[in-house]
Amino acid sequence: MSRAKTGKRRFFGRGAFAAGLLAGGLAFVLAGCWGGYVEDLSEDTRTPVDENRIVVGVSQLGSESVWRTANTASIQETFTRENGYFLIFENARQKQENQIRALRSFISQRVDYIVFSPLTEEGWDTVLQEAREAGIPVILIDRKVRTADPTLYTAWIGSDFYNEGRMAGETLAQYLEQQGRQEETVRIVVLQGTEGSTAAIGRTAGFKEVAGLHENWLILEQVDAEFTAAKGQEEMERLLSQYEDIDVLISQNDDMTFGALEAIRKNGLTPGTDGDIMVISFDAVKDALELVSQGVITADVECNPEQGQYIRRIIEKLEAGEPVARLYFVEEQVYTQENAAEAMEERWY
Ligand code: AHR
């Protein structure tokens, strides 16, 4: 049962709070100037949030990618007033200190649930402890945290990033075999996502495990390109100027891939299964699936951003006093030229 329903706390929208302060201040000034009758605005005019709604504070880590925008939309479309929720949404703009500040503000506002997507894995113990002391359940989405006490959060929903990395490696192996290249040296570069993030850690480790089974795979360099198109392009340009004969690009998200494709073309090279550089990407957003269907991207490992409904189901269970699992994995698959076009039709992101 949420605190909103038990009435243990009184919560006010921040806009209403500011408006209330302004109105109160105005009344004070007017009373001082006129010394006569003014409408009594000193009474609390703030609009209380509907006591029947569940208040959810969400700290999103940023808006660096198409995937992230879709993830945000999935959350915002789920936690609506019509569905019985009051959503407080904060975008941390890729800064952990902003996320910690948002979490503390949710705690001081005594929200019913905290939902957050941690930028990186380390450094959350203190604020999670504060949430526990305030009795607020924390649901992690997308990425994980590394804590001394894993019971500091109630549940996690997201992707099996390690498996995604393995799927990328296995798909590459299949294509190289089809091309009869299993004996020749394959020169690989890897664009990684945000350093220290679960997505980058898992995808790197999963791919490395498969790479380790192939003596002919030579990883020339793996570099942090921050999950953005701009950094993906910049790093790919540098890699192309530094290494000759790159055969394969593993790019840990579609945005970095879009940037890297620009760099490859600018260098007079052709990306593609039958081109100069084979590209394997992650996320499988609509624009990338189109490139997969054209054979520009050889394979795209899906990362499913539609997590809003999963979070809602967990909250509903908690509200009903039912037990919840600690980990929920979203469904994902690999897209190649065979199935990309069909999937594209249903993609809204
Ligand atoms: O954590 C998920 C990753 O973060 C997605 O692959 C990427 O696009 C996003 O920025």
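Residues numbered from 1 in each chain as written. Predicted model: local features only at pLDDT ≥ 70, side-chain atom pairs only at ≥ 80, totals over all residues. Heavy atoms only, no water.

J.: Sorry, what's going on with helix H9 (residues 254-266) here?
T.: Residue pairs spaced three or four apart in an α-helix point in one direction, given the helix's 3.6 residues per turn. Here H9 contains 13 residues, and its C-alpha end-to-end distance of 18 Å stays within 8% of the 18 Å for a straight helix at 1.5 Å per residue. When we look at burial in H9, the residues that qualify are Asp254, Asp255, Met256, Thr257, Gly259, Ala260, Leu261, Ala263 and Ile264. Structurally, the start of H9 carries an N-cap: the backbone nitrogen of Asp255 is 3.2 Å from a side-chain oxygen of Asn253. Just past H9, the residue Gly268 takes up positive phi, approximately 75°. (Helix = DSSP H or I, 4+ residues; strand = E, 2+ residues; numbered from the N terminus. Expected span 1.5 Å × (residues − 1). Buried < 20%, exposed > 50% of the residue type's maximum accessible area, 1.4 Å probe, protein only. Polar contact = N/O pair within 3.5 Å; in protein donor to acceptor, adjacent residues only side chain to side chain.)

J.: Sorry if this is basic, but what is going on with the site of the ligand here?
T.: As a matter of local geometry, the ligand sits amid Glu64, Ser65, Trp67, Arg68, Asp142, Arg143, Phe161, Ala199, Arg203, Phe227, Asn253 and Asp283. Residue Asp142 places a side-chain N or O atom 2.7 Å away from an oxygen atom belonging to the ligand. Here Arg143 contributes a side-chain N or O atom positioned 2.9 Å from an oxygen atom of the ligand. Considering only residue class, the shell around the ligand consists of four nonpolar, two polar and six charged. Residue-level mapping places the shell around the ligand at the junction of two domains, with at least three residues from each of domain 1 (3-158 + 305-332) and domain 2 (161-303). (Near = heavy atom within 4 Å. Nonpolar A, V, L, I, M, F, W, Y, C, P; charged D, E, K, R; others polar. Domains from an automatic or database assignment.)

J.: Help me understand the confidence of the model for the chain in this model?
T.: Regions with low pLDDT should not have their predicted coordinates read in detail. In the predicted model, the chain carries a mean pLDDT of 89, and 85% of its residues have values of at least 70. Averaged pLDDT values over the elements of the chain bottom out at 37 in helix H2 (residues 14-34) and peak at 99 in strand S8 (residues 248-251). In the predicted structure, residues 1-42 sits below a pLDDT of 50 and forms 56 contacts with residues beyond four places in sequence or in another chain. (pLDDT = per-residue confidence, 0-100. Contact = heavy atoms within 4.5 Å.)

J.: How should the packing of aromatic side chains be read in this particular structure?
T.: Centre-to-centre distance and the angle between the planes together describe a pair of aromatic rings. This model, assessed by the stated rule, comprises five aromatic pairs. Between the aromatic rings of Phe207 and Trp217, the centroid separation amounts to 5.8 Å while the plane-to-plane angle is 20°, which identifies the pairing as stacked. Residue Phe207 is found in helix H7 (residues 198-211), and its partner Trp217 is found in strand S7 (residues 217-224); the two are separated by 10 residues along the sequence. When the ring centre of Tyr310 is taken as reference, the NZ or CZ atom of Arg313 above it lies at 5.4 Å. (Phe/Tyr/Trp six-rings, centres within 6.5 Å; stacked < 30°, edge-to-face > 60°. Lys NZ or Arg CZ within 6 Å of the ring centre and 35° of its normal.)

J.: Please explain the pattern of salt bridges as it appears in this structure.
T.: When the charged atoms of two side chains with opposite charge come close together, those side chains can pair. All told, the structure shown has 21 salt bridges when counted by the stated rule. A salt bridge links Glu122 to Arg146, with the nearest nitrogen and oxygen atoms 3.4 Å apart. Note that Glu122 is positioned in the loop between strand S3 (113-116) and helix H5 (125-133) and Arg146 in the loop between strand S4 (138-141) and strand S5 (155-158), a separation of 24 residues in sequence. Here Arg146 falls in the partly exposed class, since its relative accessible area comes to 46%. With a closest N to O distance of 3.8 Å, Glu235 and Lys231 form a salt bridge. Taken as a pair, Glu235 and Lys231 lie in helix H8 (residues 229-242) at a separation of four residues, close to a single helical turn. Across the pair, Lys231 and Glu235 agree in class, each one buried. (Salt bridge = Lys/Arg side-chain N within 4 Å of Asp/Glu carboxyl O.)

J.: Looking at this model, I keep getting lost on the sheet that holds S5. Mind explaining?
T.: Where strands meet in a sheet, backbone hydrogen bonds hold them as pairs that are either parallel or antiparallel. Strand order in this open sheet of six strands is S2-S1-S3-S4-S5-S11, and the pairing throughout is parallel. In this open sheet, the two strands that pair with only one neighbour each are strand S2 (85-91) and strand S11 (327-329). When the angles between neighbouring strand axes are averaged without regard to direction, this sheet yields 20°. Bridge count between strand S1 (residues 54-60) and S2: seven bridges; the pairing is parallel. By the bridge assignment for S2, Val58 is matched with Phe89. Docked against the sheet, helix H4 (residues 96-108) engages S1, S2 and S3, running at close to 170° with respect to S1. (Pairing = 2+ DSSP bridges. Axes fitted to C-alpha atoms, helices over the stretch in contact; angles between N-to-C directions.)

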